[in-house]
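# Commentary on secondary and tertiary structure
One-letter residues, chain by chain:
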Amino acid sequence: MQQRSAMQIARHARCENGENLMGGKPDVSSVLLTGARGIVGGHLFHHLAQSANEFHVTRFYGDIRSKHDVRRCIADIGRIDVVINLAAKVEVKSTKERPDIAYFVNAGGVLNLLSELESSGQFPYFFQCSTSHVYAPSEGAIRETDRTGPVSVYGRTKLMAEAVTQDVCKANGLPFCIGRLFSIHDPNQTGSYLRPSIERRFRDEDLNEPFELHGANSVRDFLTAEDAARLIAELVYKRAEGIINIASGKGTKVRDFVQSLCSQKLNIVHLGATDSLVADTRLLKSIVGTNP
(Lines give C-alpha, C1' and ligand atoms only; values in the text may rest on other atoms or scores of the structure.)
Protein backbone atom coordinates (compact mmCIF):
# COMPACT_ATOMS: atom_id res chain seq x y z
CA MET A 1 0.00 0.00 0.00
CA GLN A 2 1.23 3.48 -0.83
CA GLN A 3 2.28 5.41 2.26
CA ARG A 4 0.59 8.74 2.87
CA SER A 5 1.76 11.90 4.56
CA ALA A 6 0.53 12.74 8.03
CA MET A 7 -1.55 15.57 6.53
CA GLN A 8 -3.30 13.14 4.18
CA ILE A 9 -3.99 10.64 6.95
CA ALA A 10 -5.37 12.98 9.59
CA ARG A 11 -7.12 16.31 9.15
CA HIS A 12 -7.89 18.33 12.25
CA ALA A 13 -10.75 20.72 12.93
CA ARG A 14 -11.28 22.77 16.07
CA CYS A 15 -14.98 22.59 16.99
CA GLU A 16 -16.11 25.15 19.51
CA ASN A 17 -18.45 28.05 20.32
CA GLY A 18 -21.45 26.69 18.43
CA GLU A 19 -24.94 25.84 19.64
CA ASN A 20 -24.99 22.62 21.69
CA LEU A 21 -27.79 20.67 20.02
CA MET A 22 -27.36 17.71 22.36
CA GLY A 23 -27.75 19.41 25.71
CA GLY A 24 -25.66 18.76 28.79
CA LYS A 25 -21.87 18.98 29.01
CA PRO A 26 -20.25 15.92 27.44
CA ASP A 27 -16.95 14.69 28.83
CA VAL A 28 -15.16 14.67 25.49
CA SER A 29 -11.96 16.45 24.55
CA SER A 30 -10.46 14.43 21.69
CA VAL A 31 -12.43 12.51 19.06
CA LEU A 32 -11.17 10.32 16.21
CA LEU A 33 -13.77 10.02 13.44
CA THR A 34 -13.39 7.54 10.58
CA GLY A 35 -15.65 7.44 7.54
CA ALA A 36 -16.01 11.22 7.47
CA ARG A 37 -16.24 11.23 3.67
CA GLY A 38 -19.48 9.27 3.87
CA ILE A 39 -22.95 10.76 4.03
CA VAL A 40 -23.51 10.00 7.73
CA GLY A 41 -19.91 10.88 8.61
CA GLY A 42 -20.21 14.32 7.03
CA HIS A 43 -23.40 15.09 8.93
CA LEU A 44 -21.90 13.76 12.16
CA PHE A 45 -18.85 15.99 11.87
CA HIS A 46 -21.09 19.03 11.47
CA HIS A 47 -23.15 18.00 14.51
CA LEU A 48 -19.98 17.81 16.58
CA ALA A 49 -18.84 21.15 15.17
CA GLN A 50 -22.07 22.80 16.30
CA SER A 51 -21.54 21.87 19.93
CA ALA A 52 -20.84 24.68 22.36
CA ASN A 53 -18.43 22.40 24.22
CA GLU A 54 -14.83 22.36 23.02
CA PHE A 55 -13.69 19.39 20.96
CA HIS A 56 -10.67 18.43 19.00
CA VAL A 57 -12.03 16.26 16.17
CA THR A 58 -9.68 14.42 13.86
CA ARG A 59 -11.12 13.04 10.65
CA PHE A 60 -9.19 9.98 9.50
CA TYR A 61 -8.66 10.04 5.73
CA GLY A 62 -6.15 7.22 5.42
CA ASP A 63 -6.71 3.59 4.46
CA ILE A 64 -8.25 1.81 7.42
CA ARG A 65 -6.82 -1.46 6.08
CA SER A 66 -3.32 -0.04 6.61
CA LYS A 67 -1.86 -0.49 10.07
CA HIS A 68 0.70 2.17 9.15
CA ASP A 69 -2.00 4.75 8.40
CA VAL A 70 -3.94 3.96 11.56
CA ARG A 71 -0.82 3.93 13.76
CA ARG A 72 0.43 7.23 12.35
CA CYS A 73 -2.93 8.93 12.84
CA ILE A 74 -3.20 7.76 16.47
CA ALA A 75 0.37 8.93 17.16
CA ASP A 76 -0.34 12.30 15.56
CA ILE A 77 -3.44 12.91 17.70
CA GLY A 78 -1.94 11.95 21.04
CA ARG A 79 -4.61 11.33 23.67
CA ILE A 80 -7.91 10.02 22.31
CA ASP A 81 -11.09 10.01 24.39
CA VAL A 82 -13.56 8.77 21.79
CA VAL A 83 -13.31 6.76 18.58
CA ILE A 84 -16.30 6.78 16.20
CA ASN A 85 -15.82 4.22 13.45
CA LEU A 86 -18.06 4.82 10.43
CA ALA A 87 -15.60 3.55 7.81
CA ALA A 88 -17.21 0.82 5.71
CA LYS A 89 -17.75 -0.68 2.29
CA VAL A 90 -21.53 -0.53 2.02
CA GLU A 91 -22.81 -0.67 -1.55
CA VAL A 92 -24.40 -4.01 -2.41
CA LYS A 93 -22.82 -4.20 -5.86
CA SER A 94 -19.25 -3.51 -4.74
CA THR A 95 -19.42 -5.84 -1.73
CA LYS A 96 -20.74 -8.69 -3.89
CA GLU A 97 -18.10 -8.14 -6.54
CA ARG A 98 -15.20 -7.78 -4.08
CA PRO A 99 -16.13 -9.47 -0.79
CA ASP A 100 -12.44 -9.67 0.11
CA ILE A 101 -12.18 -5.87 0.21
CA ALA A 102 -15.48 -5.62 2.10
CA TYR A 103 -14.17 -7.96 4.83
CA PHE A 104 -10.81 -6.17 4.95
CA VAL A 105 -12.47 -2.79 5.45
CA ASN A 106 -15.54 -3.64 7.51
CA ALA A 107 -14.04 -6.23 9.86
CA GLY A 108 -10.28 -5.87 9.39
CA GLY A 109 -10.46 -2.10 9.78
CA VAL A 110 -12.07 -2.45 13.20
CA LEU A 111 -9.33 -4.86 14.26
CA ASN A 112 -6.65 -2.45 13.04
CA LEU A 113 -8.15 0.42 15.02
CA LEU A 114 -8.51 -1.56 18.23
CA SER A 115 -5.10 -3.25 18.04
CA GLU A 116 -3.30 0.03 17.36
CA LEU A 117 -5.16 1.72 20.20
CA GLU A 118 -4.02 -1.06 22.51
CA SER A 119 -0.43 -0.79 21.27
CA SER A 120 -0.46 2.94 22.00
CA GLY A 121 -1.86 2.40 25.51
CA GLN A 122 -5.15 4.10 24.64
CA PHE A 123 -8.48 2.96 26.08
CA PRO A 124 -11.12 5.34 24.66
CA TYR A 125 -14.85 4.95 24.38
CA PHE A 126 -15.42 3.10 21.10
CA PHE A 127 -18.48 3.56 18.88
CA GLN A 128 -18.84 1.02 16.09
CA CYS A 129 -21.39 1.77 13.38
CA SER A 130 -23.24 -1.35 12.28
CA THR A 131 -26.39 -2.08 10.30
CA SER A 132 -29.85 -3.61 10.34
CA HIS A 133 -28.56 -5.98 7.65
CA VAL A 134 -27.16 -8.19 10.43
CA TYR A 135 -30.75 -9.16 11.34
CA ALA A 136 -32.95 -11.77 9.75
CA PRO A 137 -36.16 -10.31 8.28
CA SER A 138 -39.00 -10.25 10.80
CA GLU A 139 -42.71 -9.51 10.71
CA GLY A 140 -42.56 -7.59 13.98
CA ALA A 141 -40.40 -4.74 15.25
CA ILE A 142 -36.85 -6.04 15.73
CA ARG A 143 -35.25 -5.77 19.15
CA GLU A 144 -31.50 -5.69 19.74
CA THR A 145 -31.68 -9.18 21.28
CA ASP A 146 -33.48 -10.72 18.29
CA ARG A 147 -31.85 -13.32 16.07
CA THR A 148 -29.21 -12.24 13.60
CA GLY A 149 -29.11 -13.85 10.17
CA PRO A 150 -27.53 -11.65 7.51
CA VAL A 151 -28.39 -12.63 3.94
CA SER A 152 -25.93 -10.27 2.20
CA VAL A 153 -22.15 -10.10 2.10
CA TYR A 154 -22.37 -6.62 3.60
CA GLY A 155 -24.46 -7.88 6.52
CA ARG A 156 -22.04 -10.73 7.18
CA THR A 157 -19.02 -8.40 7.18
CA LYS A 158 -20.72 -6.07 9.65
CA LEU A 159 -21.73 -8.91 11.95
CA MET A 160 -18.10 -10.01 11.98
CA ALA A 161 -17.10 -6.42 12.80
CA GLU A 162 -19.52 -6.51 15.74
CA ALA A 163 -17.89 -9.71 17.03
CA VAL A 164 -14.43 -8.14 16.75
CA THR A 165 -15.63 -5.02 18.58
CA GLN A 166 -17.22 -6.94 21.43
CA ASP A 167 -14.40 -9.45 21.93
CA VAL A 168 -11.49 -7.01 21.73
CA CYS A 169 -13.15 -4.21 23.69
CA LYS A 170 -14.17 -6.58 26.49
CA ALA A 171 -10.67 -8.10 26.63
CA ASN A 172 -9.00 -4.68 26.74
CA GLY A 173 -11.50 -2.98 29.04
CA LEU A 174 -12.81 -0.44 26.50
CA PRO A 175 -16.38 0.82 26.91
CA PHE A 176 -18.15 0.38 23.59
CA CYS A 177 -21.41 0.90 21.74
CA ILE A 178 -22.57 -0.81 18.55
CA GLY A 179 -25.17 1.27 16.73
CA ARG A 180 -27.24 -0.64 14.17
CA LEU A 181 -28.41 1.81 11.51
CA PHE A 182 -31.56 0.95 9.59
CA SER A 183 -32.52 2.33 6.14
CA ILE A 184 -30.56 5.56 5.74
CA HIS A 185 -31.23 7.93 2.87
CA ASP A 186 -29.99 11.35 1.80
CA PRO A 187 -30.45 13.57 -1.28
CA ASN A 188 -26.68 13.58 -1.79
CA GLN A 189 -26.31 9.79 -1.88
CA THR A 190 -24.79 8.30 -5.02
CA GLY A 191 -24.20 4.82 -6.35
CA SER A 192 -26.47 1.79 -5.98
CA TYR A 193 -28.35 2.83 -2.83
CA LEU A 194 -32.14 2.84 -3.08
CA ARG A 195 -32.73 6.59 -3.23
CA PRO A 196 -30.16 7.52 -5.92
CA SER A 197 -31.10 4.43 -7.93
CA ILE A 198 -34.76 5.45 -7.92
CA GLU A 199 -33.98 9.08 -8.70
CA ARG A 200 -31.92 7.99 -11.72
CA ARG A 201 -34.90 5.98 -12.93
CA PHE A 202 -37.11 9.05 -12.58
CA ARG A 203 -34.79 10.90 -14.97
CA ASP A 204 -34.37 8.07 -17.46
CA GLU A 205 -37.78 6.38 -17.71
CA ASP A 206 -41.23 7.30 -18.95
CA LEU A 207 -43.13 7.68 -15.70
CA ASN A 208 -46.46 7.34 -17.46
CA GLU A 209 -45.63 3.66 -17.93
CA PRO A 210 -45.89 1.04 -15.16
CA PHE A 211 -43.02 1.52 -12.72
CA GLU A 212 -41.71 -1.95 -11.87
CA LEU A 213 -40.11 -2.09 -8.44
CA HIS A 214 -38.52 -5.07 -6.72
CA GLY A 215 -39.71 -5.33 -3.11
CA ALA A 216 -42.29 -2.56 -3.54
CA ASN A 217 -44.53 -4.06 -0.85
CA SER A 218 -41.66 -4.69 1.55
CA VAL A 219 -41.54 -2.57 4.70
CA ARG A 220 -38.47 -0.66 5.82
CA ASP A 221 -37.54 1.72 8.63
CA PHE A 222 -36.36 4.85 6.83
CA LEU A 223 -34.27 7.52 8.54
CA THR A 224 -32.49 10.52 7.07
CA ALA A 225 -28.71 10.48 7.28
CA GLU A 226 -28.82 13.76 9.18
CA ASP A 227 -31.11 12.29 11.84
CA ALA A 228 -28.91 9.20 12.04
CA ALA A 229 -25.86 11.42 12.65
CA ARG A 230 -27.72 13.37 15.35
CA LEU A 231 -28.66 10.15 17.14
CA ILE A 232 -25.12 8.80 16.96
CA ALA A 233 -23.84 12.06 18.45
CA GLU A 234 -26.34 11.83 21.30
CA LEU A 235 -25.36 8.23 22.06
CA VAL A 236 -21.69 9.23 22.12
CA TYR A 237 -22.35 12.23 24.39
CA LYS A 238 -24.19 9.98 26.82
CA ARG A 239 -21.53 7.23 26.55
CA ALA A 240 -24.23 4.67 25.79
CA GLU A 241 -22.99 1.08 25.84
CA GLY A 242 -24.07 -2.17 24.23
CA ILE A 243 -25.99 -2.81 21.01
CA ILE A 244 -28.58 -0.15 20.09
CA ASN A 245 -30.91 0.16 17.10
CA ILE A 246 -30.69 3.55 15.39
CA ALA A 247 -33.91 4.09 13.46
CA SER A 248 -37.24 5.88 13.35
CA GLY A 249 -39.21 2.92 14.71
CA LYS A 250 -41.78 3.44 11.96
CA GLY A 251 -42.45 1.04 9.10
CA THR A 252 -42.97 2.41 5.60
CA LYS A 253 -43.69 0.42 2.47
CA VAL A 254 -40.94 0.80 -0.10
CA ARG A 255 -43.56 1.82 -2.69
CA ASP A 256 -44.71 4.68 -0.44
CA PHE A 257 -41.14 5.86 0.12
CA VAL A 258 -40.47 5.82 -3.62
CA GLN A 259 -43.71 7.69 -4.35
CA SER A 260 -42.73 10.36 -1.78
CA LEU A 261 -39.68 11.16 -3.91
CA CYS A 262 -41.69 11.85 -7.04
CA SER A 263 -44.13 14.69 -7.71
CA GLN A 264 -45.90 12.61 -10.36
CA LYS A 265 -48.30 9.82 -9.42
CA LEU A 266 -46.60 6.51 -10.22
CA ASN A 267 -48.16 3.23 -11.27
CA ILE A 268 -45.86 1.09 -9.10
CA VAL A 269 -45.83 -2.63 -9.88
CA HIS A 270 -44.44 -4.91 -7.18
CA LEU A 271 -41.87 -7.52 -8.22
CA GLY A 272 -40.21 -10.26 -6.18
CA ALA A 273 -40.50 -11.21 -2.53
CA THR A 274 -41.89 -9.16 0.34
CA ASP A 275 -40.29 -8.82 3.75
CA SER A 276 -40.06 -6.43 6.69
CA LEU A 277 -37.18 -4.79 8.55
CA VAL A 278 -38.39 -2.31 11.18
CA ALA A 279 -36.67 -1.43 14.45
CA ASP A 280 -37.91 -1.58 17.99
CA THR A 281 -36.51 1.75 19.23
CA ARG A 282 -37.51 1.59 22.89
CA LEU A 283 -33.91 1.23 24.03
CA LEU A 284 -32.81 4.16 21.87
CA LYS A 285 -35.61 6.36 23.23
CA SER A 286 -34.75 5.43 26.82
CA ILE A 287 -31.22 6.74 26.25
CA VAL A 288 -31.67 9.84 24.09
CA GLY A 289 -34.95 10.83 25.72
CA THR A 290 -36.60 11.98 22.49
CA ASN A 291 -38.41 10.45 19.56
CA PRO A 292 -35.95 9.47 16.82
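Quick notes on the rules
- Residues numbered from 1 in each chain as written.
- Predicted model: local features only at pLDDT ≥ 70, side-chain atom pairs only at ≥ 80, totals over all residues.
- Heavy atoms only, no water.
- Helix = DSSP H or I, 4+ residues; strand = E, 2+ residues; numbered from the N terminus.
- Expected span 1.5 Å × (residues − 1).
- Buried < 20%, exposed > 50% of the residue type's maximum accessible area, 1.4 Å probe, protein only.
- Contact = heavy atoms within 4.5 Å.
- Pairing = 2+ DSSP bridges.
- Disulfide = S-S within 2.5 Å.
- Core = buried A, V, L, I, M, F, W, Y, C linked by side-chain atoms within 4.5 Å.
- Salt bridge = Lys/Arg side-chain N within 4 Å of Asp/Glu carboxyl O.
- Axes fitted to C-alpha atoms, helices over the stretch in contact; angles between N-to-C directions.
- Parallel < 35°, antiparallel > 145°, perpendicular 65-115°, else oblique.
- Left-handed = near helix turned anticlockwise from the far one by under 90°.
- Nonpolar A, V, L, I, M, F, W, Y, C, P; charged D, E, K, R; others polar.
- Phe/Tyr/Trp six-rings, centres within 6.5 Å; stacked < 30°, edge-to-face > 60°.
- Lys NZ or Arg CZ within 6 Å of the ring centre and 35° of its normal.

Helix length check: helix H8 (residues 225-237), at 13 residues, gives a terminal C-alpha distance of 18 Å against a target of 18 Å (1.5 Å per residue), a fit within 8%. In terms of burial, H8 is a largely internal element, 11 of the 13 residues being buried. Where H8 is concerned, the buried positions are Ala225, Ala228, Ala229, Arg230, Leu231, Ile232, Ala233, Glu234, Leu235, Val236 and Tyr237.

What follows is about the side chain of Glu116. Mapped onto the fold, Glu116 is located in helix H5 (residues 99-119). Overall, Glu116 belongs to the buried group, its relative accessible area being 8%. Not counting residues within four places of it along the chain, the set of residues in contact with Glu116 comprises Lys67, Val70, Arg71 and Ile74.

Overall, mixed pairing links the three strands, which are arranged S12-S9-S14 in an open sheet. The open sheet has two free edges, formed respectively by strand S12 (252-253) and strand S14 (276-277), since each of these has just one partner strand. As paired elements, strand S9 (residues 219-220) and S14 share two bridges and run parallel to each other. The partner of Arg220 across the bridge, within S14, is Leu277.

Another point: the state of the cysteines. Scanning the entire structure with this criterion turns up zero disulfides. Cys177 supplies the cysteine sulfur nearest to Cys129, a cysteine that is in no disulfide, at a spacing of 9.9 Å.

What follows concerns the pairing of strand S4 (residues 82-85). Here S4 shows two buried faces, one formed by Val82 and Ile84 and the other by Val83 and Asn85. Where strand S2 (residues 30-34) and S4 come together, four bridges link them in parallel fashion. Among the inter-strand pairings, Val31 is bridged to a residue of S4, identified as Val82. Sheet analysis places S4 next to strand S5 (residues 125-131), joined by four bridges and oriented parallel.

Leu44, Ile84, Phe127 and Ile232 are the most contacted members of the largest nonpolar core, which totals 33 residues. For this core, the elements supplying multiple residues, two or more each, are S2, helix H2 (39-49), S4, S5, strand S6 (176-181), H8, strand S11 (242-246) and helix H10 (282-288). For this core, the element with the highest residue contribution is H8, accounting for nine residues. Excluding residues that lie within four positions of it along the chain, Ile232 makes contacts with Val40, Leu44, Ile84, Leu86, Phe127, Leu181 and Ile246. Ile77, Ile80, Val83 and Cys169 belong to the second largest nonpolar core, which has 23 residues in total.

Here we come to the pattern of salt bridges. Close approach of charged atoms allows side chains of opposite charge to pair. Inspection of the entire model under this criterion finds 12 salt bridges. A salt bridge links Glu116 to Arg71, with the nearest nitrogen and oxygen atoms 3.1 Å apart. Taken as a pair, Glu116 in helix H5 and Arg71 in helix H3 (residues 67-77) lie far apart in primary sequence, 45 residues in all. Residue Asp280 pairs with Arg282 through a salt bridge whose shortest N-O separation is 2.6 Å. Exposure remark for Arg282: the relative accessible area of 55% places this residue in the exposed category. Counted as one network, the salt bridges with shared partners bring together Lys67, Arg71 and Glu116.

Let's shift gears to the packing of H2 against H8. Two elements in contact, H2 and H8, have axes whose closest approach is 8 Å; the angle formed by their N-to-C orientations is 55 degrees. Between H2 and H8, the angle is such that the two are oblique. You can see that H2 and H8 cross each other, and the crossing is right-handed. The residues of H8 that touch H2, namely those facing Ile39, Val40, His43, Leu44, His47 and Leu48, are Ala225, Glu226, Ala229, Arg230, Ile232, Ala233 and Tyr237. Tallied by class, the residues present in the contact of H2 with H8 amount to nine nonpolar, two polar and two charged.

The geometry of an aromatic ring pair comes down to the distance between the two centres and the angle between the two planes. By the definition in use, this model includes three aromatic pairs. The interplanar angle of 35 degrees and the centroid separation of 6.1 Å between the aromatic rings of Tyr135 and Phe182 together place this pair among those described as tilted. Within this pair, whereas Tyr135 is found in the loop between S5 and helix H6 (153-172), its partner Phe182 is found in the loop between S6 and strand S7 (183-185), the two being separated by 47 residues in sequence. On the basis of relative accessibility, which here comes to 3%, the residue Tyr135 falls in the buried class. When the ring of Phe202 is compared with that of Phe211, the centres are 5.8 Å apart and the planes differ by 45 degrees; the resulting orientation is tilted. Judged by relative accessible area, which is 15%, Phe202 ranks as buried. A cation sits over an aromatic face here: Arg59 above Phe45, 3.7 Å from the ring centre. Just above the ring of Tyr125 sits the side chain of Arg239; from NZ or CZ to the centre is 5.5 Å.

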